[in-house]
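Architecture and fold: a report
Each chain, written out:
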Amino acid sequence: MVPLSWYLILAAALFSVGLFGVLSRRNAVAILLGIELMLNSVNINLAAFWRYGNVLDMAGQVFAIIVFAVAAAEVAVGLALVISVYRKRNTVIADDIDLMKW
Amino acid sequence: MTTETLIWLIPFPPVLAFFLIVLFTNKNKVLSHTLAVGAAFLSWLGSMIVFVRALGVEHLGEHPFESSVNWLPTGDTWFRIGVLIDPTGAAVLFFVSITIFMIFLYSVGYQNYGQPQGDHDVKGLPPHGATVEEHGHKHVVPSVEPMYSRFFAFLGLFAFGMYVLVVSDNLLTFFVGWEIMGLCSYLLIGFWYAKPSARDAAVKAFMTTRIGDVFMLLGIAYLYSATGTLSFREIFTEETLQALATTMTPVLGLSAAGLIGLLLFIGTVGKSAQFPLHVWLPDAMEGPTPVSAMIHAATMVSAGVYAVIRMFPLITADFTGHGLTTTMSIIAFIGAFTALFAATIAVSQNDVKRVLAYSTISQLGYMIAALGIGAYVAAAFHLITHAFFKALLFLGSGSVIHGMEHGVLHTGNHHVDPQNMFNMGGLRKKMPITFWTFLIGGFALSGFPLITAGFWSKDEILADAFGHGYWWVFGALALAAFLTAFYTMRQITLTFLGEPRTKEAEHAQETPWPMTTPLVILAFFAVTYGWVGIPEHFPGLGGLVPNWFHEFVGGTLAEHPEALAFNWIPLITSLIVALGGLFFGWLVYRNVNSVSEDKLQIPLLKNKYYFDEAYDVLFVKPAYWIAETLVYKWMDQRLIDGTLHIFGPVTDKIGSFIRYYIDLLIVNQAVGDGSYKVTWWFGRNLRGVQTGRIQQYLMFALVIFMLVGAALYFYFRYFRLVA
Amino acid sequence: MTAEQIIFLVVALFTLGSGFMVVTTGNLVHAALWLVATLFGVAVVFALLNAGFLAVVQVVVYIGAIAILFIFAVMLTRKDMRDQGPQTNRGWWAGALIAVLVFAGLFFLLQGWNGLSKTAAAIPSGFDAVAELGNALVSPDAFVLPFEVASVLLLAALVGAVYVAFNRK
């Protein structure tokens with residue numbers, strides 16, 4: 001009896017929270033945390049649409065599985081990068097990693 | 001060879017000599033003078049053959065030797081040029097060829113051929129003498145002229161011009177010869193070009209004769225436009241002359257014939273140094289003496305009289321025999337006036353050549369006056385006799401100067417002027433041949449009775465003037481004759497008689513044979529030529545020898561002039577003036593030894609009536625002013641150059657303006673610098689965006705994304721463009 | 001308000017609250033632990049959506065691997081003691097604003113969609129979601145290619161991560 005809109009709003013809210021985390025956290029790892037939240041919100045959306053659409057069509061779930069894989073890969077590489085930068089620069093503050101500054 | 005072909009060939013040997021000398025033999029003196037004298041000889045030979053043949057032709061006046069060729073295409077017809085020898089032409093050819101030949105021969109000696117080169121002779125100055133060692137001691141001898149070959153080249157060209165003029169059958173080639181002689185007079189008067197006085201004299205001669213030439217050319221042009229031809233034979237036909245005589249022109253009430261005659265006569269005024277264009281002839285004495293003889297006796301001035309003689313039918317086209325026409329009056333007046341005027345100046349001149357120069361002007365006045373009153377034969381006769389004795393006198397004076405220069409070189413005193421008569425004296429003993437020939441020439445000039453040619457010709461002019469009733473002409477000419485005899489005797493007395501007045505005169509010596517031989521030959525003609533023109537009605541002698549000259553030359557005219565009836569008065573007058581003048585001259589001057597004793601050194605006469613000064617103020621200075629100030633300073637420098645000079649600063653200002661206001665300010669600063677500054681400003685101020693901080697990039701991206709998304713959403717939603 | 005709805009609301013609040021704590025807490029380890037809680041909440045949401053497999057995979061992969069990875073990363077980068085201070089950067093208010101705007105925008109977009117109040121259809125009996133998912137993943141007519149490509153992606157990520165973080169001494 002839960003309308004689809006509730007799931008969608010939940011996903012939107014989770015997405016916004018994640019976005020806030022990405023945009024305003026100092027620590028690079030914390031930014032990646034925010035990204036994880038966003039990806040999870042996407043997964044919720046996909047699953048909700050699968051369930052409230054044509055259940056027989058597994059495209060929704062498959063998409064969610066792929067998103068899992070992508071998220072895992074992204075986290076792995078991202079954290080590897082952060083650790084590598086940490087080794088070089090001795091910092092994980094995103095604002096201090098500004099070599100691309102003008 | 002036919003006579004016509006021979007006539008064509010006569011002018012060419014001298015000009016050929018000119019070209020060969022100029023191009024090839026300039027350095028070789030012997031070859032040059034051989035070419036020149038040889039050429040003069042060939043022309044003389046040709047002229048003699050033509051003359052002899054001309055004598056043998058009956059009525060040569062009606063059937064002259066003529067030959068012409070088509071030369072210039074003029075539309076449908078041709079302009080023809082050619083040669084013409086009628087009786088006048090033949091007589092003139094006779095004396096021209098002899099005098100030219102004599103002058104060429106004389107020049108070999110005059111330019112000191114065979115003498116050593118001078119010590120410090122430069123080209124352009126008269127030779128100064130060479131020091132030679134002889135028997136252990138040195139003395140100075142006359143040196144050879146450095147520009148020897150050039151002289152003969154110019155003489156050759158001059159002879160060519162005269163021959164062309166004499167044999168021409170049309171006014172165009174006549175004028176060509178006229179102008180060639182004008183050029184050569186410039187070249188030869190200014191022969192010693194390093195002397196400023198010679199240069200000035202050459203320019204003066206050329207300019208003055210040029211004035212005459214302009215009017216002559218106008219006359220020729222008018223004649224051509226009126227008749228369509230310039231050939232003498234075609235102009236002097238009855239119909240043409242009648243047509244010209246009856247056409248009226250707006251000038252002075254003259255007929256066309258009269259106006260053309262007057263214009264052509266002005267050319268003669270210039271060339272024959274008549275008043276008022278006489279000023280060039282005395283200055284022309286700057287040239288070497290053979291040149292003076294050439295120009296002033298044999299050729300150039302005679303060409304002027306010859307022009308009037310040739311155009312006589314035209315000038316007298318409206319002359320009826322009673323009362324002179326306007327043109328003829330002008331001609332007679334100028335002639336008589338010049339004769340008297342020049343004679344008065346001659347009595348006060350001290351330079352031996354100047355006296356002869358003024359004498360030439362005076363005698364030419366005689367001829368012109370004779371033509372003015374219609375005495376054709378008398379004028380032609382006097383022309384020829386004058387050529388002989390004047391050439392003789394000039395060459396004789398050259399010989400005297402040469403002898404005096406020898407004395408100057410001997411004493412080494414270069415301040416003594418070898419041409420001043422008051423430095424001479426007693427030369428009859430030192431230079432006998434020169435003395436006797438000069439005496440003959442002087443007597444001829446004075447008109448010594450019976451044995452000199454001058455007497456016969458002068459007497460005929462006086463008789464003509466008297467016989468036709470032109471008293472004023474008669475009077476003026478008689479007075480001039482008296483003065484002529486007077487100054488001639490003055491000249492002879494001062495130069496040859498008495499005792500030497502200076503050391504230089506004492507050491508004078510006779511000149512070599514190339515110089516004395518021509519004197520002798522010319523003296524012969526000065527004596528004998530008169531006898532071919534003895535008037536028929538002369539008491540005693542008349543009729544013994546036929547008046548060949550009158551018959552022969554008179555035949556040139558369409559109407560054969562009648563022989564004048566004899567009258568005692570002109571004869572007595574001429575005897576009185578001639579003998580009286582000679583006697584008085586000798587009387588006054590046999591005791592005068594220096595300039596201060598000479599009572600006739602009247603300043604007015606000595607300074608030639610201040611004509612040169614007057615012309616200077618009237619014409620020369622204004623001409624200079626126009627050239628230097630008006631044209632050069634005001635027009636050329638200020639106006640033209642000024643205008644041009646404006647271009648520089650104006651262009652500079654425009655350029656500066658463009659540079660500073662447009663190029664620098666706008667293009668450089670605004671556009672060039674401006675674009676970089678703007679870009680730099682944007683860059684500097686916008687680079688702040690590149691913080692290197694990812695979160696900021698992300699925020700920007702999200703903001704833009706949301707804005708674009710909202711725009712697209714509303715766009716598609718409300719305009720329903722999505723399918 | 002049915003029981004489903006109430007359960008959903010509780011789970012949703014739990015998830016959102018944990019998420020919020022993830023992004024605001026100062027201590028990074030705490031943040032990682034709150035992430036675990038959030039992920040767990042999401043797994044429950046999957047379960048509510050009858051996507052059982054997804055729920056289990058979420059717990060195993062996300063919580064079991066990724067969250068652990070995060071904790072490792074936090075620990076490996078702890079030399080810098082600054083994570084004790086304020087953990088938000090200077091422009092955090094701009095980030096908050098944007099997040100709110102995004103949510104508002106999404107909410108607004110959702111409002112305009114009329115399929116919003118759809119209720120879940122019943123699941124047909126005998127429908128085995130997991131089997132079907134497995135079929136879909138390996139069936140050549142379905143999604144075997146993305147599946148294989150995802151494998152390659154994981155391999156690439158693995159190699160990449162090792163290479164990037166390799167400590168050459």
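Everything quoted here is computed from the prediction, not taken from an experiment.

Overview of the overall build of chain C
The secondary structure content of chain C amounts to 6 helices and 0 strands. When the helices and strands of chain C are listed from N to C terminus, the series reads α-α-α-α-α-α. Across the 169 residues of chain C, 28% fall into the buried class.

Details of the overall build of chain A
Counting its regular elements, chain A contains 3 helices and 0 strands. Along its sequence from the N terminus, chain A presents helices and strands in the succession α-α-α. Residues classed as buried in chain A amount to 65% of the 102 residues present. Long-range contacts, defined as pairs at least 24 residues apart, comprise 52% of the intrachain contacts of chain A with a sequence gap of at least 6.

Quick notes on the interface of chain C and chain B
Accessible area lost upon the coming together of the parts serves often as the stated size of an interface. Facing the 8 residues of chain C at the interface are 6 residues of chain B. For the side of chain C that touches chain B, the class distribution of residues is 4 nonpolar, 4 polar and no charged.

Comments concerning the interface of chain A and chain C
Tallying the contact residues gives 64 residues for chain A and 74 residues for chain C. Mapped by element, the contributors of at least two residues to the side of chain A that touches chain C are α1 (4–24), α2 (28–52) and α3 (59–89) of chain A. The element that contributes the greatest number of residues to the side of chain A that touches chain C is α3 of chain A, accounting for 21 residues.

Notes on helix α1 (residues 3–24) of chain C
Compared with an ideal rise of 1.5 Å per residue, which puts 22 residues at 32 Å, α1 of chain C spans 31 Å between its outermost C-alpha atoms and is within 8% of the ideal. Within the span of α1 of chain C, buried status applies to Phe8, Ala12, Thr15, Ser18, Gly19, Val22 and Val23 of chain C. End-on view of α1 of chain C: buried residues confined to an arc of 135°, all on one side of the axis. Turned more than 90 degrees off the buried face of α1 of chain C, the exposed positions are Ala3, Ile6, Val10 and Leu13 of chain C. Along its buried surface, α1 of chain C packs onto α1 and α2 of chain A together with α2 (28–48) of chain C.

Details of the nonpolar core
As a rule of thumb, soluble globular proteins bury nonpolar side chains together. Core analysis: the biggest nonpolar cluster contains 218 residues, and Ala379, Phe388, Ala391, Leu477 and Ala526 of chain B have the highest contact counts within it. Considering each element in turn, this core owes the most residues, 21 residues, to helix α17 (residues 376–411) of chain B. Core analysis: the second largest hydrophobic core is formed by 84 residues, Phe20 of chain A together with Leu48, Leu54 and Ala99 of chain C among them.

Considerations on helix α7 (residues 196–227) of chain B
Residue and element names in this part refer to chain B. Under the 1.5 Å per step criterion, the end-to-end length of α7 is 46 Å for 32 residues, consistent within 8% with the ideal 46 Å. Taken residue by residue, α7 has Ala198, Ala201, Ala202, Lys204, Ala205, Thr208, Thr209, Gly212, Met216, Gly219, Ile220 and Leu223 as its buried positions. Where α7 is buried, its residues contact α6 (171–189), α10 (256–271) and α11 (280–283). The positive-phi residue at the C-terminal boundary of α7 is Gly228, with phi of around 80°.

Some remarks on the confidence of the model for chain C
Low pLDDT means the predicted coordinates in that region are not meant to be read closely. Mean pLDDT over chain C works out to 86, with 87% of the residues at or above the 70 mark. Here helix α5 (residues 129–138) of chain C stands out as the element of chain C with the lowest mean pLDDT, 86, in contrast to α2 of chain C, whose mean of 93 is the highest.

As for unusual backbone geometry
Residues and elements named next belong to chain B. In the segment running from Phe275 into Pro276, the intervening peptide bond is cis, with an omega of 0°. For Pro276, the position within the fold is in the loop between α10 and α11. In this model, Ala273 sits at a positive phi of 55°, which is unusual for a non-glycine residue. Locating Ala273 in the fold gives a position in the loop between α10 and α11.

Re the packing of helix α2 (residues 12–23) of chain B against helix α5 (residues 148–167) of chain B
All names here are of chain B. In the contact formed by α2 and α5, the axes pass within 7 Å of each other and the chain directions differ by 155°. Comparing the axis directions of α2 and α5 gives the class roughly antiparallel. Like other packed secondary-structure pairs, α2 and α5 cross with a definite hand, here left-handed. Note on element contacts: α5 touches α2 through Ser149, Phe152, Ala153, Gly156, Leu157, Ala159, Phe160 and Tyr163, opposite Pro14, Val15, Ala17, Phe18, Ile21 and Val22. Its residues placed into classes, the contact of α2 with α5 shows 12 nonpolar, 2 polar and no charged.

Overview of the pairing of strand β1 (residues 65–74) of chain B
Residue and element names in this part refer to chain B. Within β1, only 1 of the 10 residues are buried, leaving the element largely exposed. Judged from the 9 bridges that link them, β1 and strand β2 (residues 77–85) form a sheet pairing that is antiparallel. Across the sheet, Ser67 pairs through a bridge with Val83, a residue of β2. Counted along the chain from β1 to the antiparallel partner β2, the turn is 2 residues long, and its residue Gly75 has a positive phi close to 70°.

Some remarks on the pairing of strand β3 (residues 130–134) of chain B
Residues and elements named next belong to chain B. Note: β3 against strand β4 (residues 137–141), 5 bridges, orientation antiparallel. Looking at the pairing, Glu133 lines up with Lys138 of β4. The loop that links β3 with its antiparallel partner β4 comprises 2 residues; one of these, His135, has a positive phi angle of about 50°.

A word on the packing of α17 of chain B against helix α19 (residues 432–446) of chain B
Residue and element names in this part refer to chain B. Contact geometry for α17 and α19: axes closest at 9 Å, N-to-C directions at 145°. For the pair α17 and α19, the sense of crossing is left-handed. Of the residues in α19, those in contact with Phe389, Leu392, Leu393, Gly396, Ser399 and Val400 of α17 are Thr434, Thr437, Phe438, Gly441, Gly442, Ala444 and Leu445. Residues that form the contact of α17 with α19 fall into these classes: 7 nonpolar, 6 polar and no charged.

Brief notes about the environment of Phe104 of chain B
All names here are of chain B. Topologically, Phe104 is positioned in helix α4 (residues 87–110). Using a count of 28 C-beta atoms within 10 Å as the deciding quantity, one classes Phe104 as buried. Non-local contacts of Phe104, meaning those with residues more than four positions away in its chain, are made with Ala36, Val37, Ala40 and Leu155.

Rules and cut-offs
Residues numbered from 1 in each chain as written. Chains lettered and ligands numbered in written order. Predicted model: local features only at pLDDT ≥ 70, side-chain atom pairs only at ≥ 80, totals over all residues. Helix = DSSP H or I, 4+ residues; strand = E, 2+ residues; numbered from the N terminus. Buried ≥ 20, exposed ≤ 12 C-beta atoms within 10 Å, placed from the backbone. Contact = placed C-beta atoms within 7 Å. Nonpolar A, V, L, I, M, F, W, Y, C, P; charged D, E, K, R; others polar. Expected span 1.5 Å × (residues − 1). Arc of directions from axis to C-beta. Core = buried A, V, L, I, M, F, W, Y, C linked by C-beta atoms within 7 Å. pLDDT = per-residue confidence, 0-100. Axes fitted to C-alpha atoms, helices over the stretch in contact; angles between N-to-C directions. Parallel < 35°, antiparallel > 145°, perpendicular 65-115°, else oblique. Left-handed = near helix turned anticlockwise from the far one by under 90°. Pairing = 2+ DSSP bridges.

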